[in-house]
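Coordinates in review
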Amino acid sequence: MQNIISKLPEVSITIFTIMSKLASEYGAINLSQGFPNFEANPELINLVTQGMKKGHNQYAPMPGSMGLREIIAEKTNTLYGSNYHPDTEITVTSGATQAIFTIISAFINPGDEVIIFKPAYDSYEPSIKLFGGTIVPIQLSAPNFTLDWQEVASKITTKTKMMIINSPHNPSGTVWSKEDMLQLEKLLRDTDIILLSDEVYEHIIFDGQQHESAAKFSGLAERAFITASFGKTFHTTGWKMGYCLAPKELMVEFRKVHQFNVFCSNHPMQYALAEYLKAPENYLSLPNFYQEKRDRFLSLIKDSRFSFTPAAGTYFQLLDYSTITDEGDVAFAERLTKEHKIASIPVSVFNLNQQDDKVLRFCFAKTEETLKRAAEILCGI
């Protein structure tokens, strides 16, 4: 087998795997990969066991159990004033990344252009390339990562098939405003462009801000897939459970691929999540929960040589190290891991042309003890 031709020749191991492996090798505190190091609510764990004992151990319905889809519809329609139908417009997925991959595979053909905003979550581009799509990147500039709507408008052509947005935004921690969404709605009006709105951090947003879901804007909702993550919301990233929303005519095409991709997602977990979502406080309490962690982390490092703008959402905080060293962010991140025993993510790997803004991403979804130990290291650099 010497003549294998890779469909993704430029794709290698992700930076998350690289940095987590390095953290393990050097015994470093791992603030690189985005997962909590504390357990989920025991009630949710017990509900999964209950689901198994009640016999939910065979295939779930392909789009997801109706009980879960109904409670997702109730949650979404209450929060955003939307009108998603659980039978035809909601599908439970094996994580948001699976949903994103399925959306792209269902709609992108060779030559189709897809607009993305960089720095971007690293699954978008390989998925687009795999199906022959052309990536049209728009670079957001640190430290504010604001949008230039004239530039966005200039990138739209007759070949534009899809646009991918992400708010709250990973890795920057910024949040799109209502005005941003209205500008986007106006820009996409009278086009056939599909919007993929990655909203996995919808419930992790700070300082009294509101999440401006694409579901809130009729001109966006009519063309949008919205992806969400139970793993991010309920501290269970290893469960790989999520869902997506879309108008019926789009969801029909999504399910054609979904049924041959995973067919269905974990059944006892769907039972558990349906029960757990019946108490809105289980997700409405998240802004305060994570803001306390953000504020605690930033308070602990306020006297360090790093500078920062507090994250507006997600559980990631960017730290600017430009007054500490001129090293590139990849080299500095590796040195921090090896010499100072703390792992982070260099943001340049997500940027257009590896643009290096001298910032590193740190995950603060950690215990108090972990944050204290991490802060001691950062303050000593």
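The notes below deal with the structure included here.

1. Points about the pairing of strand E3 (residues 113-118)
- With six of six residues buried, E3 lies mostly within the body of the structure.
- Here E3 shows no split at all, with Glu113, Ile115 and Phe117 on one side and Val114, Ile116 and Lys118 on the other all buried.
- As paired elements, E3 and strand E4 (residues 134-139) share six bridges and run parallel to each other. Counterpart to isoleucine 115 in the pairing with E4 is valine 136.
- Between E3 and its parallel partner E4, the chain crosses via helix H5 (residues 124-130), and the hand of that crossover is right-handed.
- Strand direction decides the pairing type here: E3 and strand E5 (residues 160-166), joined by four bridges, are parallel. Across the sheet, isoleucine 115 pairs through a bridge with methionine 163, a residue of E5.

2. Some details on the sheet that holds E3
- Within the open sheet, the seven strands sit side by side as E2-E8-E7-E6-E5-E3-E4. Their pairing is mixed. Each edge of the open sheet is held by one strand with a lone partner, namely strand E2 (90-93) and E4. Here the average twist between neighbouring strands, direction ignored, is 20°.
- Running at roughly 160° to strand E7 (residues 224-229), helix H4 (residues 96-107) makes contact with E2, E5, strand E6 (194-198), E7 and strand E8 (242-245) of the sheet.

3. Here we look at the nonpolar core
- Of all hydrophobic cores here, the largest spans 52 residues; its most connected members are Leu68, Ile72, Phe117, Met163, Leu184, Leu195 and Phe230.
- Contacts of phenylalanine 117, omitting those with residues within four sequence positions, involve Ile138, Leu140, Leu147, Val152, Met163, Ile164, Ile165, His169 and Trp176.
- Among the nonpolar cores identified, the runner-up in size contains 40 residues, and Leu286, Ile301, Ala333 and Leu336 belong to it.

4. With respect to the sheet that holds strand E12 (residues 359-363)
- Taken in spatial order, the three strands of this open sheet run E9-E12-E11, and their pairing is antiparallel. In this open sheet, the two edge strands, each paired with only one partner strand, are strand E9 (316-320) and strand E11 (345-346).
- As paired strands, E9 and E12 are joined by five bridges and run antiparallel to one another. In the strand pairing of E12, leucine 318 is matched with arginine 361.
- Sitting on the sheet, helix H14 (residues 329-339) touches E11 and E12, and the angle it makes with E12 is about 45°.

Cut-off values and rules
- Within each chain, residues carry numbers counting from 1 in the order of the written sequence.
- Under the rules for a predicted model, residues below a pLDDT of 70 receive no local features and side-chain atom pairs below 80 are neither given nor counted, while totals for whole chains, interfaces and linings still include all residues.
- Hydrogens and water are ignored here; the side-chain numbers use all heavy atoms of the structure.
- Residue exposure (1.4 Å probe, protein chains only): buried if accessible area is under 20% of the type maximum, exposed if over 50%, otherwise partly exposed.
- The secondary structure listing takes helices from DSSP runs of H or I that are at least 4 residues long and strands from runs of E that are at least 2 residues long, numbered from the N terminus.
- Pairing between two strands requires that DSSP report at least two bridges joining them.
- Viewed with both strands pointing away, a crossover whose connecting path from the first strand over the helix to the second turns clockwise is right-handed.
- For helices, the axis comes from a line fit to the C-alpha atoms of the stretch in contact; other axes are also lines fit to C-alpha atoms, and the angle between any two N-to-C directions lies between 0 and 180 degrees.
- Residue contacts are defined here by distance: any two heavy atoms, one from each residue, within 4.5 Å place the two residues in contact.
- Only buried residues count toward a nonpolar core. Its members are Ala, Val, Leu, Ile, Met, Phe, Trp, Tyr and Cys residues joined through side-chain atoms within 4.5 Å.

Any functional reading would require information that these geometric values do not contain.
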